[in-house]
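Residues per chain are reported as follows:
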Amino acid sequence: MKFAFPSFSGKAADSSVSNAAPRPRALDSQKPGVQRSKMMEYDQPLVWVVILLMLFGLVMVYSASIALPDSPKYSNYTNAHFLVRQAIFICVSLVAGLVTFRIPIATWQRWAPYLFVVTLILLAMVLVPGLGRGVNGAKRWLSFRVFNLQPSELMKLFIVLYAANYTVRKQEVMHKLTKGFLPMTAAVGLVGLLLMLEPDLGALGVIVCIAMGILFLGGINGIWFGGIGAMLAGMFTLVIWLSPWRRERIFAYLNPWAEENALGKAYQLSHSLIAFGRGELFGVGLGASVEKLHYLPEAHTDFLLAVIGEELGFAGVLVVVMLFYWIIKRSFEIGRQAIAMEQTFAGLTAKGIGIWIGVQTFINMGVNLGLLPTKGLTLPLMSYGGSGVLINCIGLAILLRIDYENRVLMRGGRA
């Protein structure tokens, strides 16, 4: 498979231009016979890791969903229904990623506040009767007949762009509470209010971590950061305590094997742990899972990792963990490189994408393994769902664009 990425040609940067890195000596040399340094135009290993995760997820979604038509809820579906839809989602997402890659980072910086406001409006539309679509007691989707859009997935990406843009714009007053920190806190608070009304506590947790992480990397006052962090932790605890069904879920998580919990609030967790236990080191074999046969709910979405653990064992789970580690590591390396070349917005965006993928992956894996209370968050790039895969691909395409512009600047060109 060959990817066609745009190429930019630029004149040599003058030494007075602050956003261009010094040119390597090998590029400046005009002596005949001097070999120019070779550099790929984009991060090919990162591209292939992302594609590998999506294809691996496609196989596991098919394996986890193949028995669903045997149940009354999915009786009208074919065995390959989720496979075909996920394949379509992946194809559309790859095309969207290629289009996104062609958009300069400066354009994303300019449009970041407007995209944030539009997504806020979409989050509010979800709560309007007749517009929002509910599943399992939560209204999180907008139905467009052909597909369902989950605005909270959009917000995960656009909060990255907005927080990075805000930090750059407010850099001189970031150490001040009223001018630097409180406006961003108010914006995130408004997002939190809308998400709590859906409700979607998992998405809110990811979004808060993204915003706080970018503000921390942007140089926010450490004392205020710690204080706000403690306050948020207290608010989350209060929300859980005041909600009986959330409180019961926490207690069930602490003792999932009690009979009343194993057959009630901890039903998913107990069967997820059984799946991992059956998988042992190398699994029972691809397609041979028992837990996916109507024992483990949402096996093709939130608990896909449990099916991987059962069918491919510890080895399969370890491969998934290492692939995600590679993406997160590269995100921070690309961000650090951009900041070193004084591309602050690009650098914070790259690191924010790493925080987003890392936090959501950690929560999903933690829930599957019983390290965290049960929460409805998908595994990025792998779990079934159009909105999630699409937004993940767009976010990673922006990351690849940042890396591409870094390479152009290091060659002495202009992105």
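The coordinates are above.
A brief look at the structure comes next.

Contact geometry for helix α2 (residues 44-65) and helix α12 (residues 304-340): axes closest at 10 Å, N-to-C directions at 155°. Here α12 runs roughly antiparallel to α2, going by the angle between their axes. The handedness of the crossing between α2 and α12 is left-handed. Touching P45, L46, V49, V50, L52, L53, F56, G57, M60, V61, S63 and A64 of α2 are L304, V307, I308, E311, L312, V320, L323, F324, W326, I327, R330 and I334, all from α12.

Okay, the pattern of salt bridges next. Per the stated rule, a full pass over the model turns up nine salt bridges. Here K329 and E333 are joined by a salt bridge, their closest N and O atoms 2.7 Å apart. A residue pair is termed a helical-turn pair when its members lie 3 or 4 positions apart in one helix, as K329 and E333 do in helix α12 at four residues. On the basis of relative accessible area, E333 is assigned to the partly exposed category, the value being 24%. Salt bridges sharing partners connect three or more residues here, namely D43, K329, R330, E333, D403 and R407.

As a further point, take helix α5 (residues 151-169). Three- or four-residue spacings in an α-helix give side chains the same orientation, since the helix completes a turn every 3.6 residues. For α5, with 19 residues, the first-to-last C-alpha span of 26 Å sits near the 27 Å given by 1.5 Å per residue. The sharpest bend along α5 measures roughly 30° and falls at F158. The buried fraction of α5 amounts to 17 of the 19 residues, a majority that puts the element mostly inside the structure.

Topologically, A106 is positioned in helix α4 (residues 105-126). In this structure A106 comes out as partly exposed when scored by relative accessible area, which is 46%. Sequence separation between A106 and F345 is 239 residues; the distance between their C-alpha atoms is 8.7 Å.

Turning to the environment of L379, a few remarks are in order. Topologically, L379 is positioned in the loop between α13 (344-368) and α14 (386-410). Residue class for L379 comes out buried when judged on its relative accessible area of 1%. A sequence separation of 22 residues divides L379 from I357, and the C-alpha atoms of the two residues are 9.1 Å apart. Among residues more than four places away in sequence, those in contact with L379 are V320, F324, T361, N364 and M365.

Here we come to α12. Taking 1.5 Å per residue, 37 residues should reach 54 Å; α12 reaches only 38 Å between its end C-alpha atoms and comes up short. Approximately 130° is the largest bend angle found in α12, and it occurs at L312. Once α12 ends, the next one or two residues include E342, with phi positive near 65°.

Ranked by size, the top nonpolar core spans 107 residues in total, and within it I159, M184, I308, V320 and M382 carry the most contacts. Setting aside chain neighbours within four positions, we find M382 in contact with L53, F56, G57, V61, Q86, L304, I308, V320 and F324.

What counts, and where the lines are drawn
- Residues numbered from 1 in each chain as written.
- Predicted model: local features only at pLDDT ≥ 70, side-chain atom pairs only at ≥ 80, totals over all residues.
- Heavy atoms only, no water.
- Axes fitted to C-alpha atoms, helices over the stretch in contact; angles between N-to-C directions.
- Helix = DSSP H or I, 4+ residues; strand = E, 2+ residues; numbered from the N terminus.
- Parallel < 35°, antiparallel > 145°, perpendicular 65-115°, else oblique.
- Left-handed = near helix turned anticlockwise from the far one by under 90°.
- Contact = heavy atoms within 4.5 Å.
- Salt bridge = Lys/Arg side-chain N within 4 Å of Asp/Glu carboxyl O.
- Buried < 20%, exposed > 50% of the residue type's maximum accessible area, 1.4 Å probe, protein only.
- Expected span 1.5 Å × (residues − 1).
- Bend = angle between axes of the 7 residues up to and from the residue.
- Core = buried A, V, L, I, M, F, W, Y, C linked by side-chain atoms within 4.5 Å.

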